[in-house]
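A structural walkthrough
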Amino acid sequence: MFTVTGSFADGATYVVQVTGRSDRPVIGSHRAAALVELHMGETVALSPIGPIRAVAGDDGTSVLAIFRKYTNVIEESGAVPRRVHVLGN
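So, here is what we can say about the structure in this document.

Reading the values: rules and limits
- Residues numbered from 1 in each chain as written.
- Predicted model: local features only at pLDDT ≥ 70, side-chain atom pairs only at ≥ 80, totals over all residues.
- Heavy atoms only, no water.
- Helix = DSSP H or I, 4+ residues; strand = E, 2+ residues; numbered from the N terminus.
- Contact = heavy atoms within 4.5 Å.
- Polar contact = N/O pair within 3.5 Å; in protein donor to acceptor, adjacent residues only side chain to side chain.

To continue, consider unusual backbone geometry. For the peptide bond that leads from Gly-50 to Pro-51, omega is 0°, which places it in the cis range. Counting through the fold element by element, Pro-51 comes out in the loop between strand 4 (43-45) and strand 5 (52-54).

With that settled, consider the environment of Arg-53. With respect to the helices, strands and loops of the structure, Arg-53 is situated in strand 5. Along the backbone, Arg-53 and Thr-19 are 34 residues apart, and their C-alpha atoms lie at a distance of 18 Å. When sequence neighbours within four positions are dropped, the list of residues in contact with Arg-53 reads Glu-42, Thr-43, Val-44, Leu-46, Asp-59 and Thr-61. Reaching out from Arg-53, the side chain makes a polar contact with the side chain of Asp-59 at a distance of 3.0 Å.

Purely spatial values, then, with no claim about function.
Here it is as structure tokens:
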């Protein structure tokens, strides 16, 4: 489990715990949880140059990628998944 702090485009802030559970991937903000639910099953780039992965509630890396893509992530703390490194870059 790790914590993400950020803000939406309208300036509203959120603090959530990404649980890694498929039944409840995010705790702490109904709006942030709805954002993840909205994009569940879609593909998202885990870094600016890939790889691509389907968003799943039990995959903290893909949930974090949704926050990075659609919100302004201010801080990540706890056991945050490491950023994906692509060989040759």
